[in-house]
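Letter by letter, the chains look like this.
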Amino acid sequence: MRFYRQKTWLLGLLALVAPLPLPFNQVVGWGAVIAFCGAALLFLLRTGRGEDSALPYWVMNLLGLAYIPFLVGDLALLRSGRVLQPLVHLALYAMAIKLFAIRKEKDKWHVFIGLFFLFVASMATSVHPAAIFYLLGFATLASLTLIRFAGLHTVSATWNGTQERRVPLRRLLGGMMVASVVAAAPLFFFLPRLRQPYVYLPAGGSGGVVQVSGFSDRFDLGTIDRVRSTRTVVFRFAYETPPPPLTEMRFKATTYDLFADGAWRRERNTSASVPRERDGFFHLEERFPSSWMKIWLRQGGQQMVLPVEATVVDLPRNGVVLDDAGEARFLFPISGIIDYRVGMGPEPAVGGWRRDRSRPSELAVSAISPRMVDLAATVMGSGALEERIRRLERYLRSEYRYSLDSDNGGPNPVERFLFDTREGHCEYFATAMALLLRSQSVPTRLVTGYLGSDYNPLEEYFIVRQSNAHAWVEAFVPFDAAGVEEGARGRWMIFDPTPADARPQSGREGLLTLMTQAYDYLLFRWDRYVLTYGFADQVDVFIGLRDAWARFWQAVSLTRDEPGRDAREPIDEKTPAPSDAVVQEGRAPFSKAWHWAPLLMLSLAVALWGYLRRERFTATKAYRSLRAEAASRDDTLPRWIGPLRLEERLSDRYPDAAPETRCIVSHYVRESFAGEELTESQVEAVRAAWGSARKKLRKSA
Amino acid sequence: MRSPAVKLERVRITKVGVWYILITLVIGVAGANTGNNALYLVEAVMLALLAISGLLSKRNLSRIVVDFGGAPEAHCGQIFSLPIVVSNRDRVLGRRYVTIGGLDEFEPLLIAFLDKGESVRERLIFQVKRRGLHRFETVRLSSVFPFGLFDKAMRYPVGLEVLVYPEIFPASGLRHFDPFRVGDEPSRRAGWSQELRTLRAFRSGDDPRGIHWKRSARTGELIFMEREAEEGLRMAILLDNAVGELAEPAQRERFERLVSEAASAAVHYLAEGYEVSLATRGESIAHAGGRLQRQRILTALALVEPVPRASQPLWSGRAAAAQLRLGWSEERQAS
């Protein structure tokens, strides 16, 4: 194949691959990419047929003018903030024309660079893990193109008309790609991050972080319906210690106290920053945690998600803001994935600054009709307040049906739910219970969050998705249960009126689930360690490495001290544990010795490497050294002087060194010209002769 | 033969390399500025490929052994090929797109592919413009493999000595060259031809088969038949190199022309079956024929250098043979 055809063939393949992810990323439509790929295919067909005629300049100019209407239309998109689409459209059009206008070598490079920038646009807007395959595929093809370009350039520069020998590249290219992945992985993790991670928002034009919590300060009765329709992952969590018994995996996100016009909202912001205690944790409750979990929250903003049993939060590089209703937020906005540890008590706790009091807004009775008051009074009956509330909870669970397709529209959707349709989703159940309780003067608030999760056995963590979104009720129950008054002391309790079989489910099994779990595992890794990997993670990596190093030396030292026993542990009950200083002092000699061990091993490795790489002494080396020595003392020594002439000349000039010179030259001639392999004894003789000759030459000087 | 350690003589970034580094920088800045980790991925792969390119290009020039065959008969100004064997001593990787050259005298030779452990026989085309003993200490191995980002070259020590003979002109191109036959006189040396040279008394060491039995019987003493040698045509070439110091290039050119004429004449007469001798100031080669004599004369002429002018004329020592005199004044004289 001619050089020109080889190069254009590779460029055509690159053109075919470069824009493929763009429509998936919603940067441009499928039409534009299909048109471009069609042009690339046509170009490949022409190349295959051996046609290499280029478009005339006047045709290129006409095609350029023809694009102006499209450009004007595209520029209108700039107003909506979609900068990338007009640029990519222009690039695709320009590249399609340029493919057919390759005349010179530099045109090929222009095409190559243009296609590379299409590739960069595709990569920069990719958020799916499949981007890694695209990256490797394009890198392989681009590497092959560069290799062939370089090779053909060399061949054409030295070409003498003979047939070029076939140069196999397949295995080499495979090896190079594997090596590049191995080398690129640490580079990716250690390249300095200066800003917060940026994740392209598909079809967003200018990009932004992903917002997935689904909840805001205003919450209408269709919010969860919308949120639960997706399986977007909100957060993942894993238990570090055995979880509390009978835990429901209920996570609290937001609380609301005012209901009007079919929507819940918050009365006012009554939040305050939680101080970090001496132990480095943020204490939400006075109880000490009995178990711990770690949460990886995919978030953009300040919304925090906590299990209802949470008492302590371990959040190294941020703060916690808690409001009086127990809703927690991050002190500083975050983007991407943040991880934090949560300590939990044995039972649900409704946290917040006002955990033993209620507020008037939590008794607001708007949208409560007389029918609702009657219903509440009838169902709740008389007795202890907690028991009355349980009766209402059971009533709603048993008498109403869960449905995501209910038609509860109208001026009072809750009344319609209670008396007409008698079906709805968790928001209707929770809202109805909250309002019915308020009709009976029980302070309540609506809580949104997540219930249940999917267990991923691949890494033993739980996945909470948007489909796990849920709403329930917190009701204030006074300690004496005699009546509810403003300022009376009591406690907030959790009630969930949604039928149990209609709550978000977990624990599905089967091959599909396993595949989903595997896919989620991959997604989690991709999200956590690629898309949202940032400076804080780099700090964590360095801290982790430092700690691992410290642990390693500690382990080594302890092992040297006494195998199988921690030096910090007390020997028996009467003997106190040794202090850090004592432990340090006791193991110091071992530690110092062991610290020298890597240095010693490194020195040995360097010495071994030097020994293996040493250059063997040969007669040729001795002859070259002799020539150099002679030339340094004799400016008139011609560069082209041959060995025999050199011997004569040195014998005349340095008669004392004549035998040594003769020995070196004769062995050099045998080794270099006759191709004779000298024996060890001969090499030793030459070495001795060279040492002696050098001394004599220097002495004569 | 042990492959020499790679000592890079030159690492030059090519235009493609400059562009590659610039684009890598731009993507790095874009990644750092936006925090887009996808750009960091691209940056990491580009940096990795850059590093791999650097390592691979160095490896591509290492563990290559170039063995030069025997030096051919090389004449000044003429193109000759030198047989070489290029071997790849690497047991893991092949070598690709390696160019051997780097000297003005050599035409670059491309080794497109050399598999691991493979050896190929090639011919290095070269042309030397000056006669004499030439020493080529090194040749240059260079390559832009793999991506053409770097042009790396290393000096490969060869220590090759080539004796370049004077330029040989075609017979018709020689000035005043009109082959003539002079000195077609009988040889006075004894030999083994059919012609009888003389009869003499048999001496110890003579071949008994040469005893003339009839004459011996007649005289009563052993008589030996001495035969003539079979040689006949002789030419003495006298090159007077006492031309003094040659300061001007034109003078040097003129002297080189004289040497080339002497060499051309010697080659011509030897090819014609003559016994040729050569005499210069300080060098004298007796009459003889054949390939060895040709090599002797050409070697002497390859190394002949101008010497100070002398008043005494150059004397061949054998007035009987035909002579071709070449000197500063006479240029060429035949007698």
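See above for the structure.
Another aspect to go through is the overall build of chain A. When helices and strands are tallied, chain A shows 21 helices and 19 strands. Counting the 701 residues in chain A, one finds 48% classified as buried. Once local pairs closer than 6 in sequence are excluded, the contacts in chain A between residues at least 24 apart make up 73%. When the accessible area of chain A is evaluated, it comes to approximately 35100 Å², of which 60% is carbon and sulfur surface.

Here the focus is the overall build of chain B. Each helix and strand in chain B was counted, giving five helices and 16 strands. For chain B, the residues scored as buried account for 52% of the 335 residues in total. Summarising the internal contacts of chain B: among those between residues at least 6 apart in sequence, 69% fall at separations of at least 24.

Turning next to the sheet that holds strand β7 (residues 119-127) of chain B. All names here are of chain B. The strand order β2-β4-β7 describes an open sheet built from three strands, whose pairing is antiparallel. Of all strands in the sheet, those bounded by a partner on one side alone are β2 (64-68) and β7. Neighbour-to-neighbour, the strand axes of this sheet turn through a mean angle of 35°, independent of strand direction. Note that strand β4 (residues 79-88) and β7 share nine bridges and pair antiparallel. When the bridges of β7 are listed, Val86 appears paired with Val120.

Residue and element names in this part refer to chain B. Of all six residues in strand β12 (residues 234-239), six are buried, a share of seventy percent or more. Every second residue of β12 is oriented toward a common face, with Arg234, Ala236 and Leu238 on one face and Met235, Ile237 and Leu239 on the other, all of them buried. As paired strands, β12 and strand β13 (residues 275-280) are joined by five bridges and run parallel to one another. Across the sheet, residue Ala236 finds its bridge partner in β13, namely Ser277. For the crossover from β12 across helix α4 (residues 249-272) to β13, the handedness is right-handed. In this structure, β12 lies alongside strand β15 (residues 322-326), joined through five bridges in parallel fashion. Across the sheet, Leu238 pairs through a bridge with Arg325, a residue of β15.

This part takes up helix α14 (residues 426-439) of chain A. All names here are of chain A. Across its 14 residues, α14 extends 20 Å between first and last C-alpha, which sits within 8% of the 20 Å expected from 1.5 Å per residue. Most of α14 is tucked away: 14 of the 14 residues are buried. Once α14 ends, the next one or two residues include Ser441, with phi positive near 65°.

This next bit is on unusual backbone geometry. With an omega of 5°, the peptide bond between Phe145 of chain B and Pro146 of chain B qualifies as cis. With respect to the secondary-structure elements, Pro146 of chain B resides in the loop between β8 (132-143) and β9 (150-165). Within the chain, Arg422 of chain A stands out as a residue other than glycine whose phi angle is a positive 55°. Looking at the element boundaries, Arg422 of chain A is found in the loop between α13 (413-421) and β14 (423-424). On the basis of relative accessible area, Arg422 of chain A is assigned to the partly exposed category, the value being 30%. Phi is positive for Ser441 of chain A, close to 65°, though the residue is something other than glycine. Locating Ser441 of chain A in the fold gives a position in the loop between α14 and β15 (444-451). With a relative accessible area of 43%, Ser441 of chain A lands in the partly exposed category.

On to the interface of chain A and chain B, then. The interface is formed by 66 residues belonging to chain A together with 50 residues belonging to chain B. Across the chain A to chain B interface the summed buried area is about 4800 Å²; carbon plus sulfur atoms make up 68%. Counting across the interface, chain A meets chain B through zero salt bridges. Joining chain A to chain B, the criterion identifies nine residue pairs in polar contact (both at pLDDT 80 or more). Residue classes in the side of chain A that touches chain B are distributed as 41 nonpolar, 10 polar and 15 charged.

It is worth spelling out a positive patch on the surface at this point. Among the surface-exposed residues, Arg103, Lys104 and Lys106 of chain A together with Lys15 of chain B lie close enough to one another that they form a single positively charged patch. Mapped onto the elements of the fold, Lys15 of chain B is located in helix α1 (residues 15-34). Here Lys15 of chain B falls in the exposed class, since its relative accessible area comes to 69%.

Here the focus is the packing of aromatic side chains. For the structure on display, the rule yields 37 aromatic pairs over all chains. A ring pair is formed by Phe188 of chain A and Tyr533 of chain A, whose centres lie 6.0 Å apart and whose planes are at 35°; its orientation type is tilted. Within this pair, whereas Phe188 of chain A is found in helix α9 (residues 170-190), its partner Tyr533 of chain A is found in the loop between α15 (511-531) and α16 (535-561), the two being separated by 345 residues in sequence. When its relative accessible area of 2% is taken as the criterion, Tyr533 of chain A is described as buried. Taking the ring centre of Trp292 of chain A as reference, the NZ or CZ of Arg341 of chain A above it sits at 4.3 Å. For the cation-ring pair, Arg257 of chain B lies above Phe169 of chain B, with the distance from its terminal atom to the ring centre recorded as 4.0 Å.

Cut-offs applied
- Residues numbered from 1 in each chain as written.
- Chains lettered and ligands numbered in written order.
- Predicted model: local features only at pLDDT ≥ 70, side-chain atom pairs only at ≥ 80, totals over all residues.
- Heavy atoms only, no water.
- Helix = DSSP H or I, 4+ residues; strand = E, 2+ residues; numbered from the N terminus.
- Buried < 20%, exposed > 50% of the residue type's maximum accessible area, 1.4 Å probe, protein only.
- Contact = heavy atoms within 4.5 Å.
- Areas by Shrake-Rupley, 256 points an atom, 1.4 Å probe, with all protein chains shown as cover.
- Pairing = 2+ DSSP bridges.
- Axes fitted to C-alpha atoms, helices over the stretch in contact; angles between N-to-C directions.
- Right-handed = clockwise from strand over helix to strand, strands pointing away.
- Expected span 1.5 Å × (residues − 1).
- Buried area = accessible area lost by both parts, 1.4 Å probe.
- Salt bridge = Lys/Arg side-chain N within 4 Å of Asp/Glu carboxyl O.
- Polar contact = N/O pair within 3.5 Å; in protein donor to acceptor, adjacent residues only side chain to side chain.
- Nonpolar A, V, L, I, M, F, W, Y, C, P; charged D, E, K, R; others polar.
- Patch = residues over 30% accessible without salt bridge, like charges linked within 9 Å, V, L, I, M, F, W, Y side chains within 5 Å.
- Lys, Arg positive; Asp, Glu negative; His and termini not counted.
- Charge placed at Lys NZ, Arg CZ, Asp CG, Glu CD.
- Phe/Tyr/Trp six-rings, centres within 6.5 Å; stacked < 30°, edge-to-face > 60°.
- Lys NZ or Arg CZ within 6 Å of the ring centre and 35° of its normal.

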